[in-house]
Amino acid sequence: MRVPHLVCPAGSLQALKKAVDHGADAIYVGFKDPTNARNFAGLNFTDQQLTDGVHYAHQRQREVLVAINTYPQAGQTTHWHRAVDRAADLGADAVIVADMGLLEYATRTHPQLRRHLSVQGSATNADAINLARDHFGISRVVLPRVLTLPQVEYVAAHTKVEVEVFGFGSLCVMAEGRCQLSSWATGESPNTHGVCSPAAHVRWEQTGGTLNARLNGILIDRFAEGEPAGYPTLCKGRFEVSGDTYYALEEPTSLNTLAILPELLRIGVAAIKVEGRQRSPTYTAQVTKVMREAIDAAASSRYAVKPDWTRQLTDVSEGHQQTLGAYHRPWR
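Residues numbered from 1 in each chain as written. Predicted model: local features only at pLDDT ≥ 70, side-chain atom pairs only at ≥ 80, totals over all residues. Heavy atoms only, no water.

Asker: How would you explain unusual backbone geometry if you had to name every residue and give the values?
Answerer: The residue Ser-197 is not glycine, and still its phi comes out positive at about 50°. Relative to the assigned elements, Ser-197 resides in the loop between helix H8 (190-193) and strand E8 (202-207). What makes Ser-197 buried here is its relative accessible area of 0%. Backbone geometry places His-320, a non-glycine residue, at a positive phi of 55°. Here His-320 lies in the loop between helix H11 (307-315) and strand E15 (322-323). (Helix = DSSP H or I, 4+ residues; strand = E, 2+ residues; numbered from the N terminus. Buried < 20%, exposed > 50% of the residue type's maximum accessible area, 1.4 Å probe, protein only.)

Asker: Before we move on, can you summarise the side chain of Asp-93 with the specific residues and values?
Answerer: The residue Asp-93 is located in the loop between helix H3 (77-89) and strand E4 (94-97) in this model. In this structure, Asp-93 is buried with no salt-bridge partner, the nearest side chain bearing the opposite charge being Arg-114 at 5.1 Å. Polar side-chain contacts of Asp-93 include one of 2.8 Å to the side chain of His-58. Polar side-chain contacts of Asp-93 include one of 2.8 Å to the backbone nitrogen of Val-64. (Lys, Arg positive; Asp, Glu negative; His and termini not counted. Salt bridge = Lys/Arg side-chain N within 4 Å of Asp/Glu carboxyl O. Polar contact = N/O pair within 3.5 Å; in protein donor to acceptor, adjacent residues only side chain to side chain.)

Following this line, the structure appears as structure tokens:
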């Protein structure tokens, strides 16, 4: 049985080293600019940091993938082209790209650089994936988190492109980052400004024993004293609907595929991805360690989810809750 690569996030050089040291096969990163969809202040890589990270990873036979996964803005395409050039010049093993025009540029100017179709490209069927392969020579596709296991299996069986799926981390239901809600609330699209629910629009207000979280003035959530307060992302806020207040769009919970790892291996996925470039190096280390052990165990003849794995992943899950998400739809 093929053992899929474990692909882990790094928002900093320290996180990259943690991922390598704890068993990641590949680490994905982004530059300190809007060319990547996790363009938070204090995160991401300068050219020198990426050079150091690539050297550290390559010394240990690991790969570095650069996410250039936002959509170039009109009149500014050279900025995105330059990001592809920098990734190639600094020794990245692949670029993760969503925009077709940018894929064409990478294919034409750096044919030796592997190209992965980003989850932001929202390719959910084999025809779309094969089209990108035929025109741009993509070697891997990151599937959106909206497919059931049978659908993932069908896609994998009908394309020669390597299939990468998410195995752990926060969920995104709004076309995998191209979110109209955040864009509507802030005027800044996640896939042109490189960040969902930008921090500049976030406000915390303490009123008595209640903490209010607002995004550009919109009340997203209220937290009682001592209640864990999540980042005010519009889709994971609580709203009043027909007199009831609840998580109307999506609950703050994390995807966890420990229970179905043997199925993912049987299907033949090439890589399992951990979400979380915006998370801490400690998060990266802890999740990488657990997923490395679990994937290796799933490749053996006998597999059972260890309670300690579940405990460790629950500790770093959103709201300390976990789900199989779309992988498991009981009504299908």
